[in-house]
Structure formats: C-alpha cells, structure tokens
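Structure at a glance
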Amino acid sequence: MSYMMTLYRTYERLEKDPANFTQRGLLKVGFSTQQAHVDVKLGKEGQFISATPVEKDQADTVIPVTEYSANRTSKPCPHPLFDKLKYIAGDYPRFCKEDNAEAYQAYMEQLQTWCESSYSNPKVKAVYQYLNQKTLIHDLVEQGIFSVDENGRLTKKWENQPNLKLPVGNQSDAFVRFSVIGIDSVPALWQDGKLQDQYTNYYLSQEGSKKLCYVTGNHVRACTIHPSKIRNSGDKAKLISANDTTNFTFRGRFETAEQAYTISYEASQKAHNALKWLIQNQKQVARIGDRVFVLWGVDGEELPDPMADTFQFCFEEQSVEINTEQEFAQQFKMAITGYHAEIRKDSQLVLLGLDAATTGRMAVVFNREYNGLQGNELIDNIERWHKTCAWNIRYYNEIKKQEYHFGAPSPVNLAKAAFGVSRGNYLEVGSNKLLADTVQRILPCICDGAKIPRDIVKAAVNKAKFPQNYGYGSLWEQVAFAACALYNRYLYDYDKDNPLIYRMEEFVMGENGVFNCVKETDDIEYNCGRFVALADAIENQVLWGKNKPDDNESYKEVRPTNARRLLTRFCQSPYDTLTVLYNKVNVYIMQSKGIKLCDLCDLLDEMVSRIDTKELKKKRNLGAAFLSGFCSQRIQIIKERQIKKSQKMEEE
C-alpha cells in the first residue's frame, strides 16, 4: 500500500496552499462533510437570534468529526459540533416520541470537554451555552422553520416550508449548523479556518493507543476506523477495513488486523482527504459507473489524461481550428514534449483505480506507480498509444465544421464501440460494470504498452459489420472508425510487418498537408472495402449532386445507399454480392446526368480489376482489413473534396 504514503505526501504539498482549503474543498484532519438543513444564528453570549432553512445547493457543510462519529451506525456517537436534532436538542422528547437523553448527554459532555480545553473557541462556547438551555426545537418552531401537529409534536414533513426542497425527509432528522455573530468577521463556524485548526490540534492531542505507523515510521496514535465518502458524499466503502473477525478479511495470514497494516490517525486522515480532493479536483479523473480512475503526481506535475482521445490530449478546449494534419501532429509533439519536461528525478506518479467490492469495502482495482524518471516511460507509452491505436477520427472545429485527424479514440469510446448498442444518437453499454471492465483492460495497453486484447478488437470489428443496427447517421461511422483504430493497434502488436499499418509519420508527409489515406496493396479484403466505399460515394453523390454537389464537402447522405445496405451481406458472401452491387452502382452512374464522377468511376473499375475473383470465391466473413479499406477510402474521398472546395474558394 505504498500509494498511501504517496497520498500522505500529496496532502502535505496541498496543505501549503490555503486556497485548497478555502476554495477547492481540501479537508483538514478531523473533518468531514455533511448536508445541513437548518442554519441557526446565535449571539456571542449564546442567545438565539434567528434560523433559516438551508437551500440544497448550499447544504454541503464542513464539520468536525471524531474517529468514531465519522463512521457511526445505530449506537449514539455524537459529532463534536454540528449534528442532528437527536444529539443537540435538549427539548427533543417534548417534540418527538423518541427519548434522546443518552445521545444529548454524550454530545454535551463531548462539547464541554472541548470548551474547557486549551484549544477552545469563543464561538464554540456560545453554542454550548445555547444548547445547554434546551430550547432549540422550540425556537425553530417559533421561528416558523418547523411545523407541529395538534399535539405539539413535529410533523413528518416540512409543512412550513412547502416551496423549499430540503435534502431530508423528516423534520426530526434535520442536521443543524451554527453561526455566531459579534465575535469576529467569520460568523459561520463551518467556514472558520482558525476554529478548524483549533479542533484539529485538540483532537490530535487526545491520548490513544500508540503503534508504529507504516506511513510515517513513527510510534504515534493509531487509527482503527478509517474514513469513507471517498468517491462522493454518499460513498460508504472504505479503503482500509478489518472489522470482520469471522471470515478471512485478514485471518489466514495474520492473527490480528494490526499485523496486516497499521497507520496513524493523522496519516490516515491526510491520505484519505488527499484522495477525496484529487477525485474532486484533478483533471486526470475518469468516472465509469462507480469505478474511478485518477492519475496524479505528488508535486503537482502536469500529466496527460490516459482516458483522453488524441484531440483532448492536445487541446484543453474543443473549439480549436487545425487546418492540416501537420499542424495537428505538431501540436501532439509539443504536448508530449511538455509532459516530458514535467518529469524530474524525484517525481512520484500514481495511477489508481477504485471500485467498491461490497457496500462497505473499497477495492484498488488498478495501481501503477512511477518513481523518478520512470514517469518518462508512462509518457512514452501514452505517446505510442496515440500513434498506434489510431485512425482518422472526426472532430469539430470552432465553427462546427467537421475535420478528420489521425488519432486515438478515448478508451470509453473504444469500449462502447466493442460492446455498445444504439440508443438513438448515442451508444450505450448494457452495464456500467462491463464498460468499466473493458476500459480497465484497455488501460494497461495505454500505460504499460501491453498488447491490445484480441477479443475487444474482434467484438468492435463484428459490430462495425452491421451498419443497419445503428440507424441512419454518423453513429455507425463512430463504431467503424473505432474498430479500425483497434485493428491498427492489433497489427502493431501482433503483425508488425503488415503493410496495412497506418503510421503517424506517414500521415504528416502527404502533399498539401493531407495524408493519402488509402494503401496501394493487393490485399483482397482491403480492396473489397475500397470498392464498397467507392460504390457508396458514387450513389450518394448522384442522389445529392442533382441539386448542389459542390456545396457539400462530405457528401451529405440522403438515405442509406445500396452499398451501405449490402455491406453486411458483402462481408458474409463477397463474391455473390460484388456483382449485385456493381450492377446497382452502374444504374446510378447512368443517371448522373453530367455530375462529375470520372475519378470515382475510374477508381471503382480499378478496384474491380484488382480483385481476383477466383480468390474471392473462397472468401467468407471478411474481417478488419475490409473495414480498413472501406473507411480509408471514405476518408480519402472526403479529404479530396475539402481540398477542392478550399482551392475553389481561393481562386474566387
């Protein structure tokens, strides 16, 4: 669990910047968060002034906690300052059926001990003086916050606040926070940094069982119950837990839980609070269902997001205009150089994946640590990923114009392409677990340079063979291009000498800043794909070009073409379908009526001449090479039209 030490060091770096506490939500030692429902304002002598219900968007409140109150269940265990009515209202039995004597007494004794210590605060004493009067609920009823029935008991619902959406169902479960006016310029106790420091020092000063802390190496007060709320405020799962003494949480290897792992209270608080802060604030965070992946450096190094596609990798903003592939590749190179510059000899980087194995226990499902210059290996592997699991992916520039640049889709989009189904205009995977598991299997390919799993490639390619499953539009293109990117990585990993591999180095060397997207090869499956793409383009251009063919650089589709509708059949029975499709395309060629199709028609005939019909008869179930040929020819047609349109505009 060396990542706990890394988190501890990260917290020590974060706490040097006060803005992390005041503006970015970093918690101090001994603090947690809670949704408050009522804000009670007191005077400096502990007199009641007013109370207001707390709006839901302002309800998050930083509260002091003890080791046990932060993890309390049914047994009374009060928080040190802010709490529910059950703990802080001395008149609770008068307005509720339940007796709270034990909970109230425990709260008041705990608060009194703090007030009498050397770490006390005048505002805390004011709260104690007020609550000791046992009039809290009475004052809230008189103020019109709470409503009561004919017997003077609290009603279940907030009948006095019908238009206010409070994040609690029962009035008796309301959580109360305090403000004290007239002592200093910070009346809200939950925002008082000085008060928070006083409580932290007070709680750390209390005696406890001292043991060797595996994080700091010191004999200090040990922690037996650790924080939850790691991924979000409702998260009950814990990273460190050993409360199960009947099964094999630690038994089998150790006699006691302490033999497995011991950490001090302060170190545990700092490590867990740092992890919470990173998940909330770090750019390199991916949430997939309940699973969370986060990458960070102890010293705040600027790092690439392993979950980003190539465009996101290069640009923080999506509205960026890149006109040529050379510009795009240059920006990619600059980004890689910048990330390498962040790595130092003393750098410590961690990539952590978290998921809840059960409701109460958190599992570390993915863990990579890079010490010193090992961080350069991470950057190199991410660079290799973007260069190899890559294809011409569609982006939108600042004027919402489609652009295609050579790069890698995001791991999430790859997983959706492999295992997703069409839901209107987006892809959806059947379960978040399947999506998260697939992304997690792809992650070692990005971070470690591992080989791409064959089954993921096969699944994406098989999905792409059925365009009819994705309605009509660009959704199928997303699946097909993702499948081609996976296939390109597959060739890098398993067939390095294959001539169908696409390389970024080739990509940036084309004339006029455009990569020649098609490969000149005798591969029969690849050429079949090019043939179908040409047939698709010809039919589309005839259908659309009868009106204004030059106004559309990416041949807007009027309806599914014969090529698109016969694509699945072509993959299954290429020889029989080739003749059928060729005859159908010829009908549209004859109807072209002067539409410029010469280049496309010549290419179509060339592809037919390249396809060996004897070999084609033997083919069944064309695979990824067919898709690669189809998509590369399609992109080539689009790019050539973009160039012609640009040249025409320059001439005018």
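This text follows the structure it describes.
The text that follows walks through the structure, step by step, so that each part is easy to find. (Residues numbered from 1 in each chain as written. Predicted model: local features only at pLDDT ≥ 70, side-chain atom pairs only at ≥ 80, totals over all residues. Heavy atoms only, no water.)

**Quick notes on the sheet that holds strand β9 (residues 285-288)**
Spatial strand order, β9-β10-β11-β12: 4 strands in an open sheet with antiparallel pairing. The outermost strands of the open sheet, each flanked by one partner alone, are β9 and β12 (362-371). For this sheet, the mean inter-axis angle between neighbouring strands, taken without regard to orientation, is 10°. Two elements, strand β11 (residues 348-356) and β12, share 9 bridges in a ladder whose sense is antiparallel. (Pairing = 2+ DSSP bridges. Helix = DSSP H or I, 4+ residues; strand = E, 2+ residues; numbered from the N terminus. Axes fitted to C-alpha atoms, helices over the stretch in contact; angles between N-to-C directions.)

**Observations concerning the packing of helix α22 (residues 574-590) against helix α23 (residues 598-610)**
In contact at an axis separation of 12 Å, α22 and α23 are set at 165° when each is read in the N-to-C sense. Between α22 and α23, the angle falls in the class roughly antiparallel. Once α22 is placed against α23, the crossing between them reads as left-handed. Contacts between α22 and α23 involve Tyr-582, Val-585 and Ile-589 from the former and Cys-601, Leu-604, Asp-605 and Val-608 from the latter. For the contact of α22 with α23, the per-class residue count stands at 6 nonpolar, no polar and 1 charged. (Parallel < 35°, antiparallel > 145°, perpendicular 65-115°, else oblique. Left-handed = near helix turned anticlockwise from the far one by under 90°. Contact = heavy atoms within 4.5 Å. Nonpolar A, V, L, I, M, F, W, Y, C, P; charged D, E, K, R; others polar.)

**A word on the sheet that holds strand β3 (residues 48-53)**
With mixed pairing, the 4 strands of this open sheet are ordered in space as β3-β2-β6-β5. The open sheet has two free edges, formed respectively by β3 and β5 (83-84), since each of these has just one partner strand. Where strand β2 (residues 38-43) and β3 come together, 5 bridges link them in antiparallel fashion. Note on β3: the bridge partner recorded for Val-38 is Pro-53. Seen against the sheet, helix α6 (residues 122-131) touches β2, β3 and β6 (175-181) and runs at an angle of roughly 120° to β6.

**Let's talk about the environment of Cys-223**
Structurally, the position occupied by Cys-223 is in the loop between β8 (219-221) and α9 (257-260). Look at Cys-223 and you get buried, because its relative accessible area is 8%. Put simply, Cys-223 and Phe-48 are 175 residues apart on the chain and 38 Å apart in space, counted from C-alpha to C-alpha. When neighbours within four sequence positions are excluded, Cys-223 is seen to be in contact with Glu-67, Ile-263, Ser-264, Tyr-265 and Ser-268. (Buried < 20%, exposed > 50% of the residue type's maximum accessible area, 1.4 Å probe, protein only.)

**Things to note about the nonpolar core**
Trp-385, Phe-531, Val-532, Phe-570 and Leu-581 are the most contacted members of the largest nonpolar core, which totals 112 residues. Examining the composition of this core, we find that 13 residues originate from one element, helix α17 (residues 475-494), more than from any other. Membership of the second largest hydrophobic core comes to 85 residues, among which are Ala-51, Trp-114, Ile-137 and Leu-239. (Core = buried A, V, L, I, M, F, W, Y, C linked by side-chain atoms within 4.5 Å.)

**Notes on the pairing of β9**
Across 4 bridges, β9 lies against strand β10 (residues 291-297) in antiparallel orientation. Bridge pairing links Ile-288 to Arg-291 in β10. Where β9 hands over to β10, the hairpin turn is made up of 2 residues, of which Gly-289 adopts a positive phi near 65°.

**Points about the pattern of salt bridges**
Scanning all chains against the criterion turns up 32 salt bridges. Notably, a salt bridge pairs Asp-493 with Arg-384, separated by 3.6 Å at the nearest N-O pair. In this pair, Asp-493 is assigned in helix α17 and Arg-384 in helix α13 (residues 374-388), connecting sequence segments 109 residues apart. Residue Arg-384 is classed as partly exposed on the basis of its relative accessible area, which comes to 29%. Counted as one network, the salt bridges with shared partners bring together Arg-231, Asp-235, Arg-291, Asp-355, Lys-433 and Asp-437. (Salt bridge = Lys/Arg side-chain N within 4 Å of Asp/Glu carboxyl O.)

**Some words on unusual backbone geometry**
With phi around 55°, Lys-229 is a residue other than glycine that occupies positive phi space. Under the relative-accessibility criterion, Lys-229 is labelled buried at 17%. With a phi close to 55°, Asn-621 is a non-glycine residue in the positive phi region. Here Asn-621 lies in the loop between α24 (613-617) and α25 (624-651). Using a relative accessible area of 55% as the deciding quantity, one classes Asn-621 as exposed.

**Some details on α17**
Between its first and last C-alpha, α17 extends 29 Å over 20 residues, near the 28 Å set by a 1.5 Å rise per residue. Burial within α17 is extensive, with 17 of its 20 residues counted as buried. (Expected span 1.5 Å × (residues − 1).)

**Some remarks on the packing of aromatic side chains**
Under the counting rule described, the total for this entry stands at 24 aromatic pairs. Note on Tyr-199 and Tyr-203: the rings are 5.8 Å apart at their centroids and 15° apart in plane angle, and the pair reads as stacked. Residue Tyr-199 and its partner Tyr-203 are both found in helix α8 (residues 193-205); the two are separated by 4 residues, about one turn of the helix. On the basis of relative accessibility, which here comes to 1%, the residue Tyr-199 falls in the buried class. By relative accessible area, Tyr-203 is classed as buried at 6%. Plain terms: the ring middles of Phe-293 and Phe-366 are 6.5 Å apart, the flat faces sit at 70° to each other, and that makes the pair edge-to-face. Residue Phe-293 is found in strand β10, and its partner Phe-366 is found in strand β12; the two are separated by 73 residues along the sequence. Of the two residues examined, Phe-293 and Phe-366, each falls in the buried class. Joined through ring pairs, the aromatic side chains of Phe-31, Trp-114, Tyr-199, Tyr-202, Tyr-203 and Tyr-265 make up one cluster. (Phe/Tyr/Trp six-rings, centres within 6.5 Å; stacked < 30°, edge-to-face > 60°.)

**Details of the packing of α13 against α17**
At a minimum axis separation of 8 Å, α13 and α17 run at an interaxial angle of 120°. When the interaxial angle is binned, α13 and α17 end up oblique. Contact residues: α13 offers Arg-384, Trp-385, Lys-387 and Thr-388, while α17 offers Ala-485, Asn-488, Arg-489, Tyr-492 and Asp-493. Split by residue class, the contact of α13 with α17 holds 3 nonpolar, 2 polar and 4 charged.

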